[in-house]
Amino acid sequence: MRENGAEEYIPENAPPLNEEQAIANLNSLDTGLRYYAAWWLGKFRVNSSSAVNALIAALEDEADRTELGGYPLRRNAARALGKLGDTQAVDGLIKCLECSDFYVREASAQSLEMLRDPVAAPALAKLLEGGVAAAVQVPGRPHLVQPYEAVLEALGAIGAKEAIPLIQPFLEHPLPRVQCAATRAMYQLTQDASYGDRLVKALDSDDLKLRRVALGDLGAIGYIAAADAIAQAKVENSFKLIALKGLLEHQLPSLDVSLSEDTIRLMNLMDALL
């Protein structure tokens, strides 16, 4: 089950931890304890230097290995480091982009997006080499050869304008989810409203999952022109609220600013969904 690249399974009856015990467990001989400790440190945002250093060391773990060659502990450590927000992890995460485990590369790209350090841009861009022609599914596996969605989103969040020529072709990738990731990145890098409008059009898709993806992307880029379309999208209200919250966060860079008309409108749309 842990080979799945979705959010890793954590048992509901897992023992309670504190920071000291979790860090100690990362050095345990029990791979299950180590795996859970990495998740716990990220879940509870334990960003002490001891925790960060222990998680960075876990990025090179060789003991926790699946039959298919995956590295579950590395995945959890990579995810946790993005949540902790410490740029000391950037070098280790960049190194993980070369890992043989797809899901380690994906988790690392997602965390590099959170950390937003421009130094990661060249290594992320390298994963786009070969363009759309190379971006095919791995035979017998449920994923492409690279975590393109995560890479594209990271490059957009980092502001890697030099990667635009590599990103743009992915607007025509056969998979709509990859197209959305490229569109999201292109908007972030150019602020061209045509890319925001393209994501709004995806809200009319017959595919519910794609509509959810588009909502997330619109929230992430803060495309205020999408507010009404988000509120009216044929998606669960919980997804709409998350997207509108993303728009609102872009409108409120600090708590000291006065409320604009757009901000008030967003709040009213959110209230109507509650």
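Predicted model, so just to flag it, every value in this text is computed and none were measured. (Residues numbered from 1 in each chain as written. Predicted model: local features only at pLDDT ≥ 70, side-chain atom pairs only at ≥ 80, totals over all residues. Heavy atoms only, no water.)

Asks: What exactly am I supposed to notice about the overall build of the protein chain here?
Replies: Within the protein chain one finds 16 helices and 0 strands. Counting only C-alpha atoms and orienting by the principal axes, one finds that the protein chain spans roughly 55 × 45 × 35 Å. For the protein chain, with 274 residues in total, the buried portion stands at 52%. For the protein chain, the accessible surface area stands at approximately 13600 Å², while carbon and sulfur atoms represent 52% of it. The centroid of the 26 positive side-chain charges in the protein chain is displaced by 3 Å from the centroid of its 37 negative side-chain charges. (Helix = DSSP H or I, 4+ residues; strand = E, 2+ residues; numbered from the N terminus. Buried < 20%, exposed > 50% of the residue type's maximum accessible area, 1.4 Å probe, protein only. Areas by Shrake-Rupley, 256 points an atom, 1.4 Å probe, with all protein chains shown as cover. Lys, Arg positive; Asp, Glu negative; His and termini not counted. Charge placed at Lys NZ, Arg CZ, Asp CG, Glu CD.)

Asks: Would you take a moment to explain the side chain of Arg105 for this structure?
Replies: Relative to the helices and strands, Arg105 resides in helix α6 (residues 102-115). Buried charge without a salt bridge: Arg105, with Asp101 as the nearest opposite-charge side chain at an N-O distance of 6.3 Å. A distance of 2.8 Å separates polar atoms of two side chains, one belonging to Arg105 and the other to Gln146. Ignoring sequence-local partners within four residues, the contact set of Arg105 consists of Cys96, Leu97, Cys99, Ser100, Val145, Gln146 and Pro147. (Salt bridge = Lys/Arg side-chain N within 4 Å of Asp/Glu carboxyl O. Polar contact = N/O pair within 3.5 Å; in protein donor to acceptor, adjacent residues only side chain to side chain. Contact = heavy atoms within 4.5 Å.)

Asks: Before we go on, may I ask you to explain the pattern of salt bridges in this structure?
Replies: Close approach of charged atoms lets side chains of opposite charge pair. Taken as a whole and assessed by the stated rule, the structure comprises 12 salt bridges. With a shortest N-O distance of 2.8 Å, Asp61 and Arg34 are connected by a salt bridge. With a gap of 27 residues between them, Asp61 in the loop between α3 (49-58) and α4 (72-84) and Arg34 in helix α2 (residues 31-43) connect regions that are remote in the sequence. Taken individually, Asp61 and Arg34 each receive the classification buried, so the pair is uniform in this respect.

Asks: For this particular structure, what's the right way to read the nonpolar core?
Replies: The nonpolar side chains of a soluble globular protein tend to be buried with one another. Counting 91 residues, the largest nonpolar core has Leu41, Leu55, Leu124, Leu155, Ile167, Leu218 and Leu244 as the members making the most contacts within it. Not counting the four nearest positions on each side in its chain, Leu124 is found in contact with Leu97, Ala109, Leu112, Val151, Ala154, Leu155 and Ile158. (Core = buried A, V, L, I, M, F, W, Y, C linked by side-chain atoms within 4.5 Å.)

Asks: How should I be thinking about the packing of helix α12 (residues 193-202) against helix α13 (residues 208-221) in this particular structure?
Replies: Two quantities define a packed helix pair, namely the angle between the axes and the distance from one axis to the other. The N-to-C vectors of α12 and α13 enclose an angle of 150°; their axes lie 8 Å apart at closest approach. For the element pair α12 / α13, the angle class is roughly antiparallel. By crossing handedness, the relation of α12 to α13 is classed as left-handed. Contacts between α12 and α13 pair Gly196, Leu199, Val200 and Ala202 from the former with Arg211, Ala214, Asp217, Leu218 and Ile221 from the latter. A class-by-class count of the residues in the contact of α12 with α13 yields 6 nonpolar, 1 polar and 2 charged. (Axes fitted to C-alpha atoms, helices over the stretch in contact; angles between N-to-C directions. Parallel < 35°, antiparallel > 145°, perpendicular 65-115°, else oblique. Left-handed = near helix turned anticlockwise from the far one by under 90°. Nonpolar A, V, L, I, M, F, W, Y, C, P; charged D, E, K, R; others polar.)

Asks: Which parts of the structure should I look at to understand the confidence of the model for the protein chain?
Replies: Should pLDDT be low for a region, the predicted coordinates there are not to be read in detail. Looking at the protein chain, pLDDT values average 92 and 93% of them are 70 or higher. In this model residues 1-7 is a low-confidence stretch, pLDDT under 50, and it forms 21 contacts with partners more than four residues away in sequence or in other chains. (pLDDT = per-residue confidence, 0-100.)

Asks: Got a minute to help me understand unusual backbone geometry in this structure?
Replies: Residues apart from glycine generally show negative phi values, whereas peptide bonds are mostly found in trans. Positioned with a positive phi, Arg45 is a non-glycine residue whose angle comes to about 50°. The residue Gln191 is not glycine, and still its phi comes out positive at about 60°. With respect to the secondary-structure elements, Gln191 resides in the loop between α11 (176-190) and α12. Judged by its relative accessible area of 52%, Gln191 falls in the exposed class.

Asks: Explain helix α16 (residues 261-273) here, please?
Replies: Three- or four-residue spacings in an α-helix give side chains the same orientation, since the helix completes a turn every 3.6 residues. Look at α16: 19 Å from first C-alpha to last across 13 residues, which is about the 18 Å you get at 1.5 Å a residue. Of all the positions in α16, only Thr263, Leu266, Leu269, Met270 and Leu273 are classed as buried. Down the axis of α16, the buried set is contained in an arc of 125°. They therefore lie on one face. Facing away from the buried surface of α16 by more than 90 degrees, the exposed residues are Glu261, Asp271 and Ala272. Contacts from the buried residues of α16 go to α14 (227-232) and α15 (237-251). (Expected span 1.5 Å × (residues − 1). Arc of directions from axis to C-beta.)

Asks: Before we go on, may I ask you to explain the environment of Val213 in this structure?
Replies: You can see Val213 is positioned in helix α13. The class for Val213 is buried, based on a relative accessible area of 16%. In the structure, Val213 is positioned 26 residues away from Tyr187 in sequence and 15 Å away in space, judged by C-alpha atoms. Among all residues touching Val213, those that are not within four sequence positions of it are Arg177 and Cys180.

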